[in-house]
Every structure is written in structure tokens, then in C-alpha cells.
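# A structural walkthrough
One-letter residues, chain by chain:
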Amino acid sequence: MDAPSPGALHEAVLAWYDDHARELPWRGVDATPWSVMVSELMLQQTPVARVLPVHAVWLERWPTPADLAAESTGEAVRMWGRLGYPRRALRLHAAAVAIVERHRGEVPASYDDLLALPGVGDYTASAIASFAFGQRHVVLDTNVRRVLARAVSGVEFPATAVTRAERDTATALLPDDDATAATWAVATMELGALVCTARQPSCDACPVAELCAWRSAGFPAHDGPPRRGQAWAGTDRQCRGRLMALAREAEGSVGPTSIEAAWAVEDQRERCLASLIADGLLVRVDGGRYALPS
DNA sequence: GAGTCGTGGAC
DNA sequence: TGTCCAAGACT
């Protein structure tokens with residue numbers, strides 16, 4: 001079956017979004033470019049439900065980039081809590097510093113300026129420019145990629161990495177005017193997050209089911225390389241996570257007894273401590289103790 | 001371009 | 001129960 005027409009897709013998805021969009025703090029009337037930016041960094045590889053409480057605490061405490069920039073990186077890491085990938089907290093802090101230094105404390109509106117900030121890649125720069133500033137950008141996150149793969153290309157999952165053809169498809173579907181393009185971006189993301197989900201899509205509730213190329217093809221199963229899962233038990237990531245949890249929860253520094261109890265394998269433990277220090281997530285203090293950077 | 005980097009909920 | 005996966009970035 002041919003790919004659905006852009007006009008039909010737009011109408012169906014935008015109408016659905018108008019009725020089904022979640023009310024999220026970074027979408028509210030009091031959202032700021034900074035609150036949008038904080039949400040985007042937190043949402044990288046992290047579900048909305050877990051971001052909500054941390055985002056609220058962060059914006060209460062650091063309502064502007066300058067407020068965060070004035071803090072220690074260790075405090076940012078501590079307040080990141082258990083969101084995961086704590087280097088994002090460092091990058092957000094570094095981005096706040098850069099915003100103060102280069103942009104007079106205001107989150108920049110241009111894609112290029114955003115892309116130059118730490119922790120901001122193509123997706124995040126496009127998302128901030130689109131959601132916070134109402135600009136027209138291709139916003140290709142995992143949700144949008146899956147929606148387009150199914151509805152337009154007729155396959156269950158997109159390729160591992162973004163392809164040229166995929167970006168061309170998304171570009172061709174982008175509405176012409178800024179405001180509609182921005183709503184289209186958030187609407188397709190929402191559709192992927194709530195309806196066109198990875199494992200059990202709710203096609204019965206999908207506004208584009210009648211237009212969907214994957215559905216009309218009979219839901220062919222994924223035909224690419226196996227999507228490998230992420231190993232966890234016994235990995236450096238697990239070890240680093242344990243060590244960071246110790247440091248976050250400590251009043252001051254953490255001593256060797258706690259550290260050795262947290263991870264028994266010595267060479268791996270030492271390697272991870274070294275990598276955490278290299279990342280700027282930990283510092284070594286006197287007496288073989290470790291702490292969040294002050 | 002493939003590996004690495006946390007965490008926890010859902011099924 | 002173990003597997004999958006969640007608004008990616010960086011090297």
C-alpha cells in the first residue's frame with residue numbers, strides 16, 4: 001500500500017492530540033525554555049513518570065540557568081537522584097554555565113546554539129527549539145521514528161540508527177508553518193508514547209489505524225538485526241550505579257569499608273572508581289574516601 | 001558506527 | 001523471571 005497522504009496524517013494526529021495530550025509541567029502555561037530544557041535532558045532514555053518529581057524539585061530550586069550554574073556539580077548530581085545516567089546532571093550543569101557565559105543566562109532559541117550546549121544533540125536541540133520556541137524542526141525521537149516506521153514505511157521498528165531516507169520522510173511530512181510543525185512534532189511523539197508503543201500498540205485506539213501501512217500489510221514482524229538488550233548484572237554500569245548511590249546518600253564522604261561492601265570484585269571496583277572520577281562524578285578525598293564533587 | 005552509560009516498571 | 005525498553009549523547 002502507498003504511504004498515507006501528509007494531509008490525512010496531519011488531520012488525524014493533530015485532532016487526536018487535541019483530545020489526548022497529557023498535561024505535563026513542561027507543557028503548561030507557566031513552562032519556560034529552561035523548564036523545557038531541563039525536562040528534555042531528564043527524559044533522555046527515561047520514562048515520564050520518573051522524571052516528574054525530580055523535574056519539580058529542580059525547577060523549584062533552580063528556576064533559571066544562573067541558579068543551577070551557581071551550584072556545585074555535586075549538588076546537581078545528588079539532586080538527580082535515581083534518574084540514571086548521572087553524567088546528564090553534569091552536562092545540564094555545564095549547559096547552565098555555558099548559557100550564563102555565552103547567552104546572558106537565557107536559553108538560546110537557535111538550533112545551532114542549542115546544539116553547541118553540553119548534553120544537547122540533534123534530538124534535544126530540535127525539541128527545545130520546537131517546544132519552547134515554536135519553531136519548525138524535524139524532531140526525531142524514538143517515538144516519532146516508530147510511528148513513521150509503522151504508519152508510513154510499513155515496518156514494525158525503525159533501523160538502529162537514523163537513516164537518510166528516514167529523515168527525508170520526516171522532513172516531507174513536516175507541516176509548513178512553524179506553529180503547526182511544532183504541534184505535529186509533540187503530537188507524533190505523544191502518539192508513539194501512548195498508542196503506537198513498542199511492544200503492544202493500541203491500534204484500536206489509534207487515529208491513523210486506517211492509514212497505517214504496517215497495519216494494512218498485516219503487521220509483518222520485525223525483519224532486521226535483533227535488537228540487542230543491554231547487559232546489566234556484573235557490568236561496570238551496575239558497579240558505577242552502586243558506587244554513585246553510596247555517594248549520593250552519604251552525608252559527606254564514603255569510606256573504604258562501605259565501598260568494598262558495595263562491590264566485591266576489586267579490580268572492577270577500582271576501575272569504576274577511576275572512571276567516575278574521570279567523568280567528574282566523584283572526587284577522591286583524604287584517607288581513601290570518595291565524595292560527590294563540591 | 002558500534003559500545004558505553006543507570007534505573008526501574010511492565011509483562 | 002528474565003527480557004525489554006524508556007523524549008539520546010558521546011566517543
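Residues numbered from 1 in each chain as written. Chains lettered and ligands numbered in written order. Predicted model: local features only at pLDDT ≥ 70, side-chain atom pairs only at ≥ 80, totals over all residues.

Moving on, we get to the overall build of chain A. Tallying secondary structure elements over chain A gives 15 helices and 2 strands in all. Its C-alpha atoms give chain A principal-axis dimensions of about 70 × 45 × 30 Å. By residue count, 34% of the 294 residues in chain A fall in the buried class. The contacts of chain A with a sequence gap of at least 6 include a subset with a gap of at least 24, amounting to 65%. (Helix = DSSP H or I, 4+ residues; strand = E, 2+ residues; numbered from the N terminus. Buried ≥ 20, exposed ≤ 12 C-beta atoms within 10 Å, placed from the backbone. Contact = placed C-beta atoms within 7 Å.)

To continue, consider the protein's contact with DNA strand B. Near DNA strand B there are 20 residues, and of these R82, G84, D236, R240 and G241 occur at the shortest range. Among the elements that make up the surface near DNA strand B, the one with the highest residue count is helix α13 (residues 236-249) (6 residues). Here the residues of the surface near DNA strand B sort into 7 nonpolar, 8 polar and 5 charged. (Near = placed C-beta within 6 Å. Nonpolar A, V, L, I, M, F, W, Y, C, P; charged D, E, K, R; others polar.)

Mapping T32 onto the fold places it in the loop between α1 (6-20) and α2 (33-43). For T32, a count of 15 C-beta atoms within 10 Å translates into the label partly exposed.

This part takes up the nonpolar core. Ranked by internal contacts, the top residues of the largest apolar core, which has 71 residues, are V38, I128 and A151. When residues no more than four places from it in sequence are discounted, the contact partners of I128 are P33, V36, M37, E40 and L114. (Core = buried A, V, L, I, M, F, W, Y, C linked by C-beta atoms within 7 Å.)

In the neighbourhood of DNA strand C, 30 residues make up the surrounding shell, with G121, T124, T142, A198 and G229 lying closest. Sorting the residues of the surface near DNA strand C by element identifies α2, α8 (122-131), α9 (142-151) and α11 (178-194) as the ones contributing at least two each. Looking at which element gives the most residues to the surface near DNA strand C, the answer is α8, with 4 residues. Partitioning the surface near DNA strand C into residue classes produces 12 nonpolar, 12 polar and 6 charged.

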